[in-house]
Amino acid sequence: MAVLAAACSPEPPQYFGPPQAPLLSIPPEPLFSRVSPAAINSDAFAKRQPLPGQLGYLETIRFIDDGVKYIDPYAEFFVSPEGQMCFRGLVNRQMLEFENYQNYWCMYPEFVNNVEELENNTTTVNSVRLWCILQAPQCARRMGFWNFLDESPWISNSIKAETRPSREQRAAIEHLVYLMGGNVRSDQASTR
């Protein structure tokens, strides 16, 4: 009964909580289970101070997380204990029926070339895409548990995540990259 109640809980698991639908008799250990909660979104990765009138490091992370949760309450954005920006949910063309929220797509801020706002005129659910720099063409990594139904690759040259409002989210991600010591390298990302 307790397992059924936990499975129907309105609270989404965070940072690789217990697997949603374990296929093994012994569930695998969650990815970040041995990490102190203080290591998630650690301000140790804030390398620069915000400009006057701009959001701070933790406020920017919360704003981006709120944007992805607006589209999908089980989606998530955070900075990993290694200093990577990570998204969970329907990321990089994953299909809804295959998503078990046990995988994250992560990228180091130093490897972000540009952030692009993408409009979807069919579903009206817009998204942002973080592109890798040319020197690190496969810098986006999927981490987590293997899902035999999901055939998407474990590496990519970009991360695409649905969010709202996409224009403000793009600016917030660019700002977070700046705060973490990276530089958005393309003028095209900021001219829209």
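Structure: see above.
In this convention, every chain numbers its residues from 1, walking through the sequence in written order. With the structure being a predicted model, the display of local features is reserved for residues of pLDDT at least 70 and the display and counting of side-chain atom pairs for 80 or more, all residues being used for whole-chain, interface and lining totals. Processing note: side-chain calculations cover all non-hydrogen atoms of the structure and skip hydrogens and water entirely.

A. Focus on the overall build of the protein chain. For the protein chain, the count of helices and strands is three helices and eight strands. Counting from the N terminus, the helices are the DSSP runs of H or I reaching at least four residues and the strands are the DSSP runs of E reaching at least two. Taken from N to C terminus, the helices and strands of the protein chain fall in the order α-α-β-β-β-β-β-β-β-β-α. Split into buried and exposed, the 192 residues of the protein chain put 44% on the buried side. It only takes one pair of heavy atoms within 4.5 Å for two residues to be counted as in contact. At a minimum sequence separation of 6, the contacts of the protein chain that also span at least 24 residues come to 64%. For the exposure calls, accessible area comes from a 1.4 Å probe over protein chains only, and a residue counts as buried if that area is under 20% of its type's maximum, exposed if over 50%, partly exposed in between.

B. Highlighting the pairing of strand β2 (residues 85-88). Burial along β2 is two-sided: Met 85 and Phe 87 facing one way and Cys 86 and Arg 88 facing the other are all buried. Strands pair, by our definition, only if DSSP identifies at least two bridges between them. Of the pairings in the sheet, the one linking strand β1 (residues 76-79) to β2 comprises four bridges and is antiparallel in character. Each residue of the ladder has a partner; that of Phe 78, found in β2, is Cys 86. Once β1 ends, the chain turns through five residues before running back antiparallel as β2, passing Gly 83 with a positive phi of about 90 degrees. Two strands pair when backbone bridges link them, and β2 and strand β3 (residues 103-107) are joined in this way by four bridges, in the antiparallel orientation. Its bridge partner being in β3, Met 85 is matched across the sheet by Met 107.

C. How the structure looks around the sheet that holds β2. Reading across the sheet, the five strands line up as β1-β2-β3-β6-β7 and stay open at both edges, with antiparallel pairing between neighbours. Each of the sheet's edge strands pairs with one partner strand only, and the pair in question is β1 and β7 (155-156). Here an angle of 0 to 180 degrees is reported between the N-to-C directions of two axes, which are lines fitted to C-alpha atoms, with helices fitted over the stretch in contact. Against the sheet, helix α2 (residues 57-71) touches β1 and β2, its axis set at about 160 degrees to β1.

D. Spotlight on α2. Helix span, as expected, comes to 1.5 Å for every residue beyond the first. Between its first and last C-alpha atoms α2 spans 23 Å; for 15 residues at 1.5 Å apiece the expected length is 21 Å, and the two agree. Restricting attention to buried positions, one finds in α2 the residues Tyr 57, Thr 60, Ile 61, Ile 64, Asp 65, Gly 67 and Val 68. For α2, the arc enclosing every buried residue in end-on projection is 155 degrees, short of the 170-degree limit, so these residues lie on one face. Contacts from the buried residues of α2 go to β1, β2, β8 (158-162) and α3 (166-179). The arc under discussion is defined with respect to the helix axis, by the directions toward the C-beta atoms.

E. Highlighting the state of the cysteines. Disulfides are defined in this document as cysteine sulfur pairs within 2.5 Å. Across all of its chains, the model carries two disulfides by this definition. Across the disulfide from Cys 86 sits Cys 106; the S-S distance is 2.1 Å. With the S-S dihedral at roughly 115 degrees, the linkage between Cys 86 and Cys 106 falls on the right-handed side. Pair noted here: Cys 86 is in strand β2 and Cys 106 is in strand β3, with a separation of 20 residues, a long-range link.

F. Spatial organisation of the pattern of salt bridges. For salt bridges, the criterion is a side-chain nitrogen of Lys or Arg within 4 Å of an Asp or Glu carboxyl oxygen. With the rule as written, the count across this model stands at five salt bridges. Arg 170 is paired through a salt bridge with Glu 117; the nearest N and O atoms lie 3.5 Å apart. Taken together, the positions of Arg 170 in helix α3 and Glu 117 in strand β4 (residues 112-118) put the pair 53 residues apart, joining distant regions of the chain. The pair Arg 170 / Glu 117 is uniform in exposure class, with both members buried. Overlapping salt bridges bring together Glu 117, Arg 167, Arg 170 and Glu 174 as one network.

G. Quick peek at the environment of Leu 130. Note that Leu 130 resides in strand β5 (residues 127-132). Among residues more than four places away in sequence, those in contact with Leu 130 are Met 85, Phe 87, Met 107, Val 112, Asn 114, Val 115, Asn 157, Ser 158, Ile 159 and Ile 173.

H. Local environment of the environment of Phe 63. Its location among the elements puts Phe 63 in helix α2. On the basis of relative accessibility, which here comes to 30%, the residue Phe 63 falls in the partly exposed class. For the pair Phe 63 and Ile 173, spaced 110 residues apart in the sequence, the C-alpha separation amounts to 9.4 Å. In contact with Phe 63, not counting residues within four places along its chain, are Leu 55, Glu 168, Gln 169 and Ala 172.

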